Structure formats: structure tokens, C-alpha cells
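Reading the structure
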Amino acid sequence: MFFFKEKINQHLDCLQSAIRKKENNNSLSNKSLMKLINVVSIQYDLKHGEANFIFGQEVDVRNINHNSVSRLIKHFKEIKSSKSESFIKNQISAWEDNANKLLIQSGHAHPVYPAHPVSPVSPVSPVSPVSPVSPVGPVGPVGPVGPVGPVNNINDNLQLIGKGARGNVYRDGDFIIKKIKNFNINEAIHEVNMCNEYYKLTDRVSSDAIIIDKHIKMPFVKGKTPEFSEVITGVKNMYSKGFFMGDPNPGNFIKNESGDIIPVDFGLVFTLRGLNALDKEVKKGIVHDYIKGGYNYIPPEMKSKYFSCIQTLDFSLGKDSPTGNMTLKELTRVGFKPVF
């Protein structure tokens, strides 16, 4: 019996179909690796050597398409989750590691960081520049990804100004540093995105939030903790600009010296246009925190819209939704209907 090896078509295949063609391989040829680089460069609009680095070449990547690389990481995870232990699954893990390195280390142009070793093949010759085409595949995270800062050591002598379930917050001059427990690059990118998008829209601050040394550095907003009714005002203000918050509470807002109520925690902030593209852990956090108490700060006229979003996220999470571990009382008080 003869088995015909399927060849990658760099003009027709996407990442998923290209990997599927090689899922039974015990190695990858130089030619196949080059085709994968081209496929990924086209599908994810990577024009500056990001794909070369991700697939094992030592290249100096200066301008990174953070949005597309984070989307690629998400797709690597999805593909890997459906594979049994194999050569190709190990390769996907290596490529995913390299993609994460790009996001964490992108503040450094020099020295060149060696990529995670991949399959034992000869060095791949540089890929010719890829003409820009429309991205293929699922829509990635919405909004421009905030800059990822250099990997520096965070000063341990910082002023602690807040503690939360997800980590601690410290004052560092005109900035705050969020030291996050169980750091997740996709969750961090989401928070940086939302922070920068909201502050630029409202013209509140001049500095961007960034990711640095697995922490988030954000502009410091001077003020005091708002009252219950003032948090509701803050939620209304966000809603009027197209932003939702899954965990509104006094700790996530500041009342500044002018009396404005300003959001300062964007970990579970989202927009309608980006709802379906949210990272899985962000979705779970929004559903959990809203039902556990966030709904208390939502004005009556906005609750139906909020609940519609929670329903959408709950449905998309399926069996992974936090609602599976909640009581009937908790679910019905936010709008879920009991099923008998």
C-alpha cells in the first residue's frame, strides 16, 4: 500500500490545514518549513520576520505585529489541544514558546534572542518578502495591542496601594505596577489594549500602558475611592463610550480631583465589537465576577444589555463556563431562567 504525502500549498492553505497535512510526520523538511513560514506570514500579516523567528530562525525582529502574534498563539493552543502526543504537537509547543518570547522580549532590538529549537533540519534560507493580503482565519483580539516594554527587573521597593484576587498594585511615580498572579500574556495584552483604547478616547492620560517583565505598567490616576452611587456613574460613563466592565466595584475606579469617576482596572473591560474575540480566561472572569457581584453596580436601564453579553459569553464557553459551579439563586438574580 502506498501513502501519498500531502504537500502544503502556501497559496491556498491556512495554518490549520497546513499542520493537518503534516500531523503524521516525524520530521519537517526545509521546504515544508519554508512553506509554513509563508503561510503564517500571509495569514497573520507578519511582514517583519516574526514568522521566521517563531519557526526557529535566529533573526532580529524589530517591528512586531503584536495583535497578529497573539492571535497566532491562540490558534497554536487551539490546534495543539486537539492533537495527541506526537512530533507535530511538540513542534507546535516550540513555535508557541517562540511567539510568546516575541511578545515578552519585543522591547529589545539587540541582542538577538535565540529562538526555541525546533525540528532537526538544516537552516532555512530567509523567506522572500510577502506581499500584504487580507488576513485569513478567525478574527483576533480587537484594537491595537499596547507596546510590550523591555524585560527589566521591577523595583521591589514600591509603594503598595492595593491588593486583589489577581495580584497586587504598586505606585511607581506617575505609574502603577500591577504584579499579576499566574501571569497570562493574552490576558495582559487584553488589559493593556482596553486601557490604552479607553484613555486615548477620553484623552485622560498621555502615557500608554505597557507590559514589562510579566507585569503591567499603567498611568497613575490621583484621587480617592468612589462611593457606591459614584461607581454606577462611572459605569454609565464607560457605557456611553462603548465600554463594558465585568467587575465594576469601588476598587476599580478612582474619583479624581475634578470629581470625575475614572476606571483604573481594565482586566475585565470589553466592547461589543470585541466580545467574540476575547481570550477564554477573560471571558470566564467576566462571567464569574459579574454574577458574583458586578451586576450590583449596573444601572437598571443597562442590565438587559449587560445580561445579553453575559449570555453570549456563557454560551461560547460551554462546559468551561463558571456558571456550571454557581447556585440557582446566583444565576436567576442576574437574569438566567431556570430549566426544569
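See the structure shown above.
Bear in mind the structure is a predicted one, so any value in this text is a computation, not a measurement.

Some details on the overall build of the protein
- If you tally the helices and strands in the protein, you get 10 helices and 9 strands.
- Evaluated residue by residue, the protein yields a buried proportion of 47% over its 340 residues.
- Looking at the protein alone, contacts between residues at least 24 apart form 67% of all its contacts between residues at least 6 apart.

Comments concerning the pairing of strand E2 (residues 167-172)
- By the bridge criterion, 5 bridges tie strand E1 (residues 159-164) to E2 in an arrangement that is antiparallel. Counted as the bridge partner of Lys 163 is Asn 168 from E2.
- Where E1 hands over to E2, the hairpin turn is made up of 2 residues, counted between the paired strands.
- With 6 bridges connecting them, E2 and strand E3 (residues 175-180) associate as antiparallel partners. Along E3, the bridge assignment pairs Tyr 170 with Ile 177.
- In sequence, E2 turns back onto E3 through a hairpin of 2 residues, with Gly 173 there showing a positive phi of about 65°.

What about helix H9 (residues 300-317)?
- Here H9 contains 18 residues, and its C-alpha end-to-end distance of 26 Å stays within 8% of the 26 Å for a straight helix at 1.5 Å per residue.
- Those residues of H9 lying buried are Met 302, Tyr 306, Phe 307, Cys 309, Ile 310, Leu 313, Asp 314 and Leu 317. Relative to the axis of H9, the buried residues are bounded by an arc of 165° and lie together on one face. In H9, the exposed residues that point more than 90 degrees away from the buried face are Glu 301, Ser 304 and Phe 315.
- At its buried positions, H9 is contacted by helix H7 (228-240), strand E6 (244-245), strand E9 (269-270) and helix H8 (280-292).

What to know about the packing of aromatic side chains
- By the definition in use, this model includes 14 aromatic pairs.
- Centre to centre, the rings of Tyr 239 and Phe 244 are 5.4 Å apart; their planes meet at 80°, and the pair counts as edge-to-face.
- Clustering of aromatic rings is evident, with ring pairs tying together Tyr 239, Phe 244, Phe 270, Tyr 290, Tyr 295 and Tyr 306.
- Directly above the ring of Tyr 170 sits Lys 179, whose terminal nitrogen or CZ lies 5.0 Å from the centroid.
- A cation over a ring is seen here: Lys 217 above Phe 175, with NZ or CZ 4.6 Å from the ring centre.

Observations regarding the sheet that holds E1
- In space, the 5 strands of this open sheet follow the order E1-E2-E3-E5-E4, with antiparallel pairing throughout. The open sheet has two edge strands with one neighbour each: E1 and strand E4 (210-212). Recorded for the sheet is a direction-independent mean angle of 25° between the axes of neighbouring strands.

What to know about unusual backbone geometry
- Even without a glycine there, the phi angle at Asp 45 is positive, about 55°.
- Within the fold, Asp 45 resides in the loop between helix H2 (30-43) and helix H3 (50-54).
- The backbone of Asn 182 sits at a positive phi, close to 50°, despite the residue not being glycine.
- Its place among the elements puts Asn 182 in the loop between E3 and helix H6 (185-202).

Quick word on H6
- The end-to-end C-alpha distance of H6, which contains 18 residues, comes to 26 Å, matching closely the 26 Å that a straight helix rising 1.5 Å per residue would cover.
- In terms of burial, H6 is largely enclosed, as 15 of its 18 residues are buried.
- Here H6 starts with a cap whose side-chain oxygen sits 2.8 Å from the backbone nitrogen of Asn 186, and that cap is Asn 184.

What counts as what
Residues numbered from 1 in each chain as written. Predicted model: local features only at pLDDT ≥ 70, side-chain atom pairs only at ≥ 80, totals over all residues. Heavy atoms only, no water. Helix = DSSP H or I, 4+ residues; strand = E, 2+ residues; numbered from the N terminus. Buried < 20%, exposed > 50% of the residue type's maximum accessible area, 1.4 Å probe, protein only. Contact = heavy atoms within 4.5 Å. Pairing = 2+ DSSP bridges. Expected span 1.5 Å × (residues − 1). Arc of directions from axis to C-beta. Phe/Tyr/Trp six-rings, centres within 6.5 Å; stacked < 30°, edge-to-face > 60°. Lys NZ or Arg CZ within 6 Å of the ring centre and 35° of its normal. Axes fitted to C-alpha atoms, helices over the stretch in contact; angles between N-to-C directions. Polar contact = N/O pair within 3.5 Å; in protein donor to acceptor, adjacent residues only side chain to side chain.

Interpretation note: all reported values are geometric properties and have no functional meaning in isolation.
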